[in-house]
Amino acid sequence: MDEKFSADLARAADELLKGAIELHLHSAPSIFERRADDTLVLAEASAAGMRALVLKNHEVETAARVQLLPEGGPGEARAY
């Protein structure tokens, strides 16, 4: 893949994330290995311009975990 195509593809992906809502996201803590914890994925989503994340977990409910995360201001992603 050439560099121009890669750069164009990355820009297109960045644009698709703006305002997006991730409907099914598994993050740490978990009994399974996860790439990042709730706080980091929320920060990354905000940096990408996403609107929201819906946290999922196989072991416990996520409503309490969401309450521990920052609510976010204008332009920042929210967790549900």
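Rules used throughout
Residues numbered from 1 in each chain as written. Predicted model: local features only at pLDDT ≥ 70, side-chain atom pairs only at ≥ 80, totals over all residues. Heavy atoms only, no water. Salt bridge = Lys/Arg side-chain N within 4 Å of Asp/Glu carboxyl O. Helix = DSSP H or I, 4+ residues; strand = E, 2+ residues; numbered from the N terminus. Buried < 20%, exposed > 50% of the residue type's maximum accessible area, 1.4 Å probe, protein only.

Turning next to the pattern of salt bridges. Within this structure, the stated rule accounts for five salt bridges. Among the ionic pairs, Asp8 bridges to Arg11, the shortest N-O distance being 2.4 Å. Of the two residues, Asp8 and Arg11 are both situated in helix 1 (residues 3-17); the distance of three residues between them amounts to about one turn of the helix. By relative accessible area, which is 30% here, Asp8 ends up partly exposed. Salt bridges here are not isolated pairs; linked through shared partners, they connect Lys4, Asp8 and Arg11.

Geometry only, nothing functional implied.
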